[in-house]
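Chain by chain, the residues:
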Amino acid sequence: MSGILSFSSIVFPNWCSSSRRVVRMAAAQTTNAGLSLEAMAIKPPSHPTYDLKGIIKLALAEDAGNRGDVTCMATIPFDMEVEAYFLAKEDGIIAGIALAEMVFQEVDPSLKVEWSRKDGDYVRKGLQFGKVYGRAHSIVVAERIALNFMQRMSGIATLTKAMADAAHPAYILETRKTAPGLRLVDKWAVLIGGGKNHRLGLFDMVLIKDNHISIAGGISNAVRSVDQYLERENLQMEVEVETRTLEEVKEVLQYASQTKSSLTRIMLDNMVIPLPDGDVDVSMLKEAVELINGKFETEASGNVTLETVHEIGQTGVTYISSGALTHSVTALDISLKIDTELALEVRRRTKRA
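Residues numbered from 1 in each chain as written. Predicted model: local features only at pLDDT ≥ 70, side-chain atom pairs only at ≥ 80, totals over all residues. Heavy atoms only, no water.

### What to know about the side chain of threonine 326
- Within the secondary structure, threonine 326 sits in helix α11 (residues 324–327).
- Relative accessible area serves as the criterion here: at 2%, threonine 326 is assigned to the buried category.
- At 2.6 Å, the side chain of threonine 326 forms a polar contact with the backbone oxygen of lysine 177.
- Those residues in contact with threonine 326 that lie beyond four places of it in its chain are Arg152, Ile156, Glu174, Lys177, Thr178, Asp186 and Val190. (Helix = DSSP H or I, 4+ residues; strand = E, 2+ residues; numbered from the N terminus. Buried < 20%, exposed > 50% of the residue type's maximum accessible area, 1.4 Å probe, protein only. Polar contact = N/O pair within 3.5 Å; in protein donor to acceptor, adjacent residues only side chain to side chain. Contact = heavy atoms within 4.5 Å.)

### A few points about the sheet that holds strand β1 (residues 81–88)
- With antiparallel pairing, 4 strands are arranged side by side in an open sheet as β3-β5-β1-β14. Of all the strands in the sheet, just β3 (112–115) and β14 (334–337) have a single pairing partner and so form its edges. Going from strand to strand, the sheet's axes swing by 15° on average, the running direction of each strand aside.
- Of the strand pairs in this sheet, β1 and strand β5 (residues 128–135) are connected by 7 bridges, and their pairing is antiparallel. Paired with alanine 84 across the bridge in β5 is valine 132.
- Against the sheet, helix α4 (residues 136–167) touches β1, β3, β5 and β14, its axis set at about 150° to β5. (Pairing = 2+ DSSP bridges. Axes fitted to C-alpha atoms, helices over the stretch in contact; angles between N-to-C directions.)

### Quick word on the sheet that holds strand β9 (residues 263–269)
- Spatial strand order, β6-β13-β12-β9-β8-β7: 6 strands in an open sheet with parallel pairing. One side of each edge strand has no neighbouring strand; the edge strands of this open sheet are β6 (171–173) and β7 (206–208). Between one strand axis and the next, the sheet turns by 25° as a mean value, whatever way the strands run.
- In terms of strand pairing, β9 meets strand β12 (residues 297–301) through 5 bridges, oriented parallel. By the bridge assignment for β12, arginine 265 is matched with glutamate 297.

### Concerning the pairing of β3
- Of the two faces of β3, the one lined by Val113 and Trp115 is fully buried and the one lined by Lys112 and Glu114 carries no buried residue.
- Strand direction decides the pairing type here: β3 and β5, joined by 4 bridges, are antiparallel. Its bridge partner lying in β5, tryptophan 115 is registered against glycine 130.

### Focus: the nonpolar core
- Core analysis: the largest hydrophobic core is formed by 53 residues, its most contacted members being Phe86, Leu99, Phe104, Phe129, Val132, Phe149 and Met150.
- Taken together, the elements giving at least two residues each to this core come down to α1 (52–64), β1, α3 (97–107), β3, β5, α4, α5 (183–192) and β14.
- By residue number, the principal contributor to this core is α4, which donates 12 residues.
- The residues contacting methionine 150, other than those within four sequence positions of it, are Phe86, Ile94, Ala95, Gly96, Ile97, Ala100, Trp115, Phe129 and Ile334.
- Grouped together as the second largest cluster of nonpolar side chains are 41 residues, Ala256, Val280, Leu285 and Ile312 included. (Core = buried A, V, L, I, M, F, W, Y, C linked by side-chain atoms within 4.5 Å.)

### As for the pattern of salt bridges
- Applying the stated rule across the entire model yields 13 salt bridges.
- Note that lysine 89 is salt-bridged to aspartate 333, the shortest N-O span being 3.5 Å. Linking lysine 89 in the loop between β1 and β2 (92–93) with aspartate 333 in the loop between α11 and β14, this pair joins segments that are 244 residues apart in sequence.
- Assessed through its relative accessible area of 11%, lysine 89 is described here as buried.
- Measuring nitrogen to oxygen at the nearest pair gives 3.3 Å for the salt bridge that ties arginine 265 to glutamate 299. Note that arginine 265 is positioned in strand β9 and glutamate 299 in strand β12, a separation of 34 residues in sequence. Across the pair, exposure class does not vary: arginine 265 and glutamate 299 are buried alike. (Salt bridge = Lys/Arg side-chain N within 4 Å of Asp/Glu carboxyl O.)

This is how it looks when you write it as structure tokens:
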């Protein structure tokens, strides 16, 4: 991918003989091997300060430490070339292809990466969906970092896709409950899975939550303070306020009816009530949506699971937010294998492919 610089902090000493040895695993063929798809199918969210290349460099430096890959230097001649194949070991939505390609290019710009799938595509267990070829040393160094990103992102995208489909016609959102330092990566995976992004951080949206309301002395005071601040600072941005009761919803609506406000969305928090039989009571949520009556966007939060999200989505709410999309990630199992024929034999024997 253009604009990617090589990762100069990792040094690979050329300790082997000068003759170039090339290994080709001809028995393993990538599905639609001639197909090369644009990796950046879905672009990451825009952020004013986030350094995606810096995150990649940090991950590589964490792995390399002060010596680099000692196992690789001990076992792999530096000039050997190989092909390695990406193998899906579970069904799911693939995500992180573009980021994985950035990792390989950061380690060694001479590596060539080809894909038969793109970010957001569904993959089945056992599918070879891409390959990387070039210097074996570089591939093995980049392997785990690329897979770590892809597995986490694919896990997020797979759950997001399931929840987004079930939530329709409401839209599914993530929250700020992301892995520290991986905020943009996690939110990128949500987009790939068919969800929409909530605010990226504390800077791009006003979200008045319970603690703000308590400190401000009430919900009307909190919204009024935000309106005054935005006017004073000459700022225009989305404003959301969290409500926990129907009385708070009514208070917000009354304030907005009497005062020009920047308010754009009302969060309806914990208005989905779990029942002993595992079902949920959404009557309070539905009443709140009816009270608001389209005057503002609405967002349901709390007790959102894959099992409950469909019923929540039928209440007329605009958005449904779920922290579980990113704080309880189950990674999608993906591997990168050079000796693909042997790898497939082992997978068959262990019933994992």
